Amino acid sequence: MMAIRIILMVVLQALFLRDVSPFGIWTRPEWTLWALLLVPPQSGPFYKLLCGFGMGLGLDIALGTYGQHMVAGTMLGGALPTLHRLLAPREGYEVTDRPVLRDMGAGWLLGFLFASALVYHLTLMLVVEWYWHLFAGALLPAITSACFTTAGCMVLHMAVYSPERRKASL
Amino acid sequence: MRNLWLLLQRNAFLLAFIALMSVSLSVLFRNNGAARSSWFQRTGAISSAIEQQRSQWSNYLHLAEQNATLAGENAALRSQLLSMEMDNVWKEDTLRGWTVLSGELVKGPDGKPHTLSLATPGQDVGVQPGMGVLSSGAAFGSVEESGETHSRILTLLHAGATWSCRIGRRGPVASLGWDGVTLDRLQLKDVPRHVDARQGDSIFTSGYDLRFPPDVPMGIIASVERHSGADFIDVSVRPVVDFRAVRHVEFIEHRSDSERVVLAQPSDLP
C-alpha cells in the first residue's frame, strides 16, 4: 500500500503538480513527501530508510534530476526514526497510531511535517546548489518551500484523512 | 569473528544508510556537472596532498641512497676538476718540458700484491719506461715496460714499489707504499713522530722521483696512529684513484727526461 501510494504521488507530482508554485522559488512543494510521511511510526528503521530511498529514486527517474531526490530522500528516510522518536508522545505510540490528523492531532502532525519537510528541502538545497557561496541565497527559499510543503501536506491530510470523514464513516 | 558480526548487527542501520547514501551520491556525481567537478577538485586536492606526503616520506627514506649517489657524482666531478687544473699545469709545464699522452687501461690492479697492470699504447706513440701515469689527474703509477702497442704499468697498488710524496703542498716528504692488504688503503712510510700529519690531509707527489710533476694528488690521510716509544708514526692513506673503476689513463713525460735522469744519478764528487 505504501509503495503504491508513493508511486502514485510521484506520478502526480511529475505530471500535474510539478509546476504548482505560486511564488516561484519561494514555494516549491514536494507533494510526494505526504506519501512518505504516512509511514507508521512503529515501522522498523530499515523500512523507513528504504521508503525514503525509493521515493527519491522514483522522483529522480520521473523528474530527470538524477541523484538529487535520492540523496534528499535517503537523508529523510534515515532521519525519520529519529524524528519519530523525538516527537513521540510521553506514553509512546499506540499500535494502531498512524501519522494522520485524527490519530496524532494537528499540533503533532504540523510539527512532524515541518521538521521532515525542512530536512528534505535543506538537503535538496545542498545538492542542488552545491557550492558554499550559493547556500546563503538558497536557504530562505528552502525554508519557505518547506513551509509550503507542510501546508500542502496538511491540506492533503485534511482532504484524505480528515476527522470529519472518520465520524461520517462511523 | 563473532564480535565483528555483533558489531555489524549493532550498526546495521548506519551501514545501510551509508550504503544507500553512497549510491545516491554516486548517481548525483555522475549526472551533476557542478557536483562532479567539485568532487574531483576536492578529492584531487586530497589525493595530491597524500601523494605529496608519500613522496616526502619516500624521498626521506631514500636520502641515504641519494646521498651516496651525490657523493659519487661529487667525487667524479672533483676528479674532473683536478684533471682540468692539471691540464692547466701541464700546458704551463709543457712549455718547460712536460708532455701528455692519452691511453686506456686494458688490465687493472686485481688486488694481488705484485700484479702489474696493462695499458695501451706502447712504444708506437712514444711511451717509454719510467713515464708517470695519471688517472683523472691523480697519480696512478708509472710505466715499467713498454712493448710495441702495450705498456706494463706499475701502479700505486704494488707491494714492491714506493712513491715519493709530500704531506700537503708544503709539508714534509715521505714514501708512499702499499702493504698488499686492502685496495683502498696505502701506507706512508718513515714519517717521523714530530710531523704534523692529521686525518683528512692531502698527499701529493713531491716530484722528486722524476716520474710526476709536483703537487699531483695521490691520496688523503685516513688515519694517523702514534705509538708510545716509536720514532715513526703509522699513517694510512686513502688513494684518490678508485683503482677498480679506472678506464682511461694519461702518460706524462718530461721532455728533457734523459737529461734529468742522468743528472739525478749519484756523482763521483767527493
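Just above, that's the structure.
Residues numbered from 1 in each chain as written. Chains lettered and ligands numbered in written order. Predicted model: local features only at pLDDT ≥ 70, side-chain atom pairs only at ≥ 80, totals over all residues. Heavy atoms only, no water.

Chemist: Sorry if this is basic, but what is going on with the nonpolar core here?
Modeler: Grouped burial of nonpolar side chains is what soluble globular proteins tend to show. Ranked by size, the top nonpolar core spans 48 residues in total, and within it Ile6, Leu33, Leu36 and Tyr120 of chain A carry the most contacts. Contributions of two or more residues to this core are made by helix H1 (2-17), helix H2 (32-36), helix H3 (45-63), helix H4 (68-86), helix H5 (101-104), helix H6 (106-129) and helix H7 (132-160) of chain A together with helix H2 (12-31) of chain B. If you tally residues by element for this core, the top one is H6 of chain A, at 8 residues. Residues in contact with Tyr120 of chain A, not counting those within four places in the same chain, are Glu30, Leu33, Met55, Leu59, His69, Ala72, Gly73 and Leu76 of chain A. (Core = buried A, V, L, I, M, F, W, Y, C linked by side-chain atoms within 4.5 Å. Buried < 20%, exposed > 50% of the residue type's maximum accessible area, 1.4 Å probe, protein only. Helix = DSSP H or I, 4+ residues; strand = E, 2+ residues; numbered from the N terminus. Contact = heavy atoms within 4.5 Å.)

Chemist: Which parts of the structure should I look at to understand H6 of chain A?
Modeler: Residue pairs three or four apart in sequence face the same way in an α-helix, which turns once every 3.6 residues. Taking 1.5 Å of rise per residue, 24 residues should cover 34 Å, and H6 of chain A covers 33 Å from first to last C-alpha, within 8% of that figure. Looking at H6 of chain A, one finds that the buried residues are Trp108, Leu109, Phe112, Leu113, Ser116, Ala117, Tyr120, His121, Thr123, Leu124, Met125 and Val127 of chain A. Those residues of H6 of chain A hidden inside the fold are in contact with H2, H3, H4, H5 and H7 of chain A together with H2 of chain B. Of the residues flanking the end of H6 of chain A, it is Trp130 of chain A, one or two places downstream, whose phi is positive at about 70°. (Expected span 1.5 Å × (residues − 1).)

Chemist: Looking at this structure, how should I read the sheet that holds strand S7 (residues 173-177) of chain B?
Modeler: All names here are of chain B. Strand order around the closed barrel formed by 6 strands is S6-S7-S8-S11-S10-S9, with antiparallel pairing between neighbours. Averaged over all pairs of adjacent strands, the angle between their axes in this sheet comes to 40°, without regard to strand direction. Looking at chain direction, strand S6 (residues 162-167) and strand S9 (residues 202-205) are connected through 3 bridges and run antiparallel. Bridging across to S9, Ile167 finds its partner in Ile203. (Pairing = 2+ DSSP bridges. Axes fitted to C-alpha atoms, helices over the stretch in contact; angles between N-to-C directions.)

Chemist: Any chance you could explain the interface of chain A and chain B here in plain terms?
Modeler: For interface size, the figure often reported is the accessible area lost on association. In this complex, chain A contributes 18 residues to the contact, which on the side of chain B involves 19 residues. Here chain A and chain B share an interface that buries about 1600 Å² over both sides, 79% of which is from carbon and sulfur atoms. In this assembly, chain A and chain B are joined by 0 salt bridges. The interface formed by chain A and chain B contains 1 residue pair in polar contact (both at pLDDT 80 or more). Of all the elements in the fold, those that place two or more residues in the side of chain A that touches chain B are H3 and H4 of chain A. Its residues placed into classes, the side of chain A that touches chain B shows 14 nonpolar, 4 polar and no charged. (Buried area = accessible area lost by both parts, 1.4 Å probe. Salt bridge = Lys/Arg side-chain N within 4 Å of Asp/Glu carboxyl O. Polar contact = N/O pair within 3.5 Å; in protein donor to acceptor, adjacent residues only side chain to side chain. Nonpolar A, V, L, I, M, F, W, Y, C, P; charged D, E, K, R; others polar.)

Just distances and angles here, no functional claims.
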